[in-house]
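# Tertiary structure, described
What follows is the residue order along each chain.
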Amino acid sequence: MQLGLIGLGKMGGNMRERIRRAGHTVVGYDRNPDLSDVSGLAELVESLQAPRTVWVMVPAGAATQSVVDELGGLLEAGDTVVDGGNSRWTDDEKHAEELAAKGIGFVDAGVSGGVWGLENGYALMVGGEKEHVDRLRPIFDALKPEGPYGYVHAGKVGAGHFSKMVHNGIEYAMMQAYAEGWELLEKVDSVTDVREVFRSWQEGTVIRSWLLDLAVNALDEDEHLDKLRGYAQDSGEGRWTVEAAIDNAVPLPAITASLFARFASRQEDSPQMKMIAALRNQFGGHAVESSK
């Protein structure tokens, strides 16, 4: 199968490679010419046979809107656009309506896997009409992890990104719990090897997880996280999760508290946020700030 892929950063570049390894043709475009296969979106569209599929992996908001607008003028009826970034689900509904007026399909794909996805595969939460989603199954199968799980057609347009948003909200709360436990262990005099305590939890405990494994990786690199400043960004999806909870009268005390803890990191050098920053760097390659 042929695929156009726009945005070849940490996620998009690895996704291009994984899809190619599965035997598909990927034509990639990025603003960085050193990463691109073509010089622009027009050349990308021209290089694909109809019906075309173009997957967008650019930042949510204005950048995604700009690309969707340009593709709307280049693609033809019967083609499909996939937004695999972290767009808000309400933007998906808008994009689907705009493209449908031109006979172009739209699919939203929540993608999780970070910098590890090239080797481990990506969990995919997909929204859209069945006819558009089914045509893309070879690409989804190439990206997903081996085995029966890791892919879901979650529902109509917007369902993929809504599901990924909730996933990220849960991620916020899980990371916060590990960070709080780590700070408490570091604080008391009686525990003399916090890193090995975390390592001991990796087997046989009810809190073992990939995030715990990544926490141990981070502590192996910097045992007390002394090299990090206690500052952690929020991607926006934590905020959207809390806003959706308010709109639907669903109580989310843990996720909401974890979001507010990120805000607290903007005010002081928080020990907990050192662990959050370390975990975000481990699974997603997100930038960290060095301690002064």
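This text goes with the structure placed above it.
This is a predicted model, so every value here is computed, not measured.

What counts, and at which threshold
- Residues numbered from 1 in each chain as written.
- Predicted model: local features only at pLDDT ≥ 70, side-chain atom pairs only at ≥ 80, totals over all residues.
- Heavy atoms only, no water.
- Buried < 20%, exposed > 50% of the residue type's maximum accessible area, 1.4 Å probe, protein only.
- Helix = DSSP H or I, 4+ residues; strand = E, 2+ residues; numbered from the N terminus.
- Pairing = 2+ DSSP bridges.
- Patch = residues over 30% accessible without salt bridge, like charges linked within 9 Å, V, L, I, M, F, W, Y side chains within 5 Å.
- Areas by Shrake-Rupley, 256 points an atom, 1.4 Å probe, with all protein chains shown as cover.
- Salt bridge = Lys/Arg side-chain N within 4 Å of Asp/Glu carboxyl O.
- Contact = heavy atoms within 4.5 Å.

## Things to note about the pairing of strand β6 (residues 123-127)
Within β6, four of the five residues are buried, which leaves the element mostly enclosed by the surrounding structure. The sheet contact formed by β6 and strand β7 (residues 151-155) spans four bridges and is parallel. Bridge assignment links M125 to a residue of β7, and that residue is V152.

## Let's talk about a nonpolar patch on the surface
A surface patch of nonpolar side chains, about 270 Å² in accessible area, is lined by V115, W116 and W210. Secondary-structure assignment places W210 in helix α10 (residues 210-221). Residue W210 is classed as partly exposed on the basis of its relative accessible area of 40%.

## Observations concerning the pattern of salt bridges
Under the defined criterion, the tally for this structure stands at 17 salt bridges. Two residues, E196 and R195, come together in a salt bridge whose shortest N-O distance is 3.6 Å. A relative accessible area of 31% means that E196 is categorised as partly exposed. Its salt-bridge partner being R195, residue E223 comes within 3.8 Å of it at the nearest N-O pair. Of the two residues, E223 is situated in the loop between α10 and α11 (237-247) and R195 in helix α9 (residues 194-200); the sequence distance between them amounts to 28 residues. Linked by salt bridges that have partners in common, R195, E196, R199, D220 and E223 make up one network.

## Some words on the environment of G85
Its location among the elements puts G85 in the loop between β4 (80-83) and α4 (89-100). Note: C-alpha distance between G85 and V56 (29 residues apart in sequence) is 6.9 Å. Beyond its immediate sequence surroundings of up to four residues, G85 is in contact with V56, M57, V58, A109 and H161.

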